[in-house]
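Summary of the model geometry
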Amino acid sequence: MNGPKGEPMAKILITEDEDSLRTFVARALRMDGHETVEAPDGAAGLDALTEGGFDLLLSDIRMPVMDGIELAHKASAAHPALKILLMTGYAEQRERADDLASKIVDVVSKPFSLPDIRRAVATALAA
């Protein structure tokens, strides 16, 4: 499902420290025609963002090195047009994202199904 000229629909950075989940989400989004870049933590994600051209940052909140909250703040400051979608399995982490309300599209609760994350990404990209 690429765009009219065969280009990917969106370029998405997936920042998640759990390898199997990161791979699972990336595969699902590529099935929808998106280009994905993966990073195992927030610091690596911030480095990846410097290559530019991303439409969406999909990041876990709870990660080593730099968590998703700090990453979202830095990503938003450096790339104001970037859409940000956070993921978490912890209710208290969701509350930590409250001060990001104007910068993020949503927080997706884990565990989620493939249709859930694909729908959340589609909604975020359309926002």
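In this text the structure is predicted, and so the values were computed from the model without any measurement.

On average, residues of the protein chain carry a pLDDT of 90, and 94% of them reach 70 or more. Mean pLDDT values for the elements of the protein chain range from 75 in helix α4 (residues 91-96) up to 98 in strand β1 (residues 11-15). Segment residues 1-5 is flagged for pLDDT under 50; beyond a separation of four residues in sequence, or across chains, it makes eight contacts in the model.

By secondary structure assignment, the location of Asp60 is in strand β3 (residues 56-60). Accessibility expressed as a relative area gives 4% for Asp60, which makes it buried. Here the side chain of Asp60 touches Lys110 through a polar contact of 3.2 Å, side chain to side chain. Beyond its immediate sequence surroundings of up to four residues, Asp60 is in contact with Thr15, Glu16, Asp17, Gly68, Met87, Thr88 and Lys110.

Now for the packing of helix α2 (residues 42-49) against helix α3 (residues 68-78). Interaxial distance between α2 and α3 falls to 9 Å at its minimum, and their mutual angle equals 15°. Between α2 and α3, the crossing angle belongs to the class labelled roughly parallel. Judged by the twist between their axes, the crossing of α2 over α3 is right-handed. Together, Gly42, Gly45, Leu46 and Leu49 of α2 and Leu71, Lys74 and Ala75 of α3 make up the contact between the two elements. The residue makeup of the contact of α2 with α3, split by class, is four nonpolar, two polar and one charged.

Thresholds, definitions, all that
Residues numbered from 1 in each chain as written. Predicted model: local features only at pLDDT ≥ 70, side-chain atom pairs only at ≥ 80, totals over all residues. Heavy atoms only, no water. pLDDT = per-residue confidence, 0-100. Helix = DSSP H or I, 4+ residues; strand = E, 2+ residues; numbered from the N terminus. Contact = heavy atoms within 4.5 Å. Buried < 20%, exposed > 50% of the residue type's maximum accessible area, 1.4 Å probe, protein only. Polar contact = N/O pair within 3.5 Å; in protein donor to acceptor, adjacent residues only side chain to side chain. Axes fitted to C-alpha atoms, helices over the stretch in contact; angles between N-to-C directions. Parallel < 35°, antiparallel > 145°, perpendicular 65-115°, else oblique. Left-handed = near helix turned anticlockwise from the far one by under 90°. Nonpolar A, V, L, I, M, F, W, Y, C, P; charged D, E, K, R; others polar.

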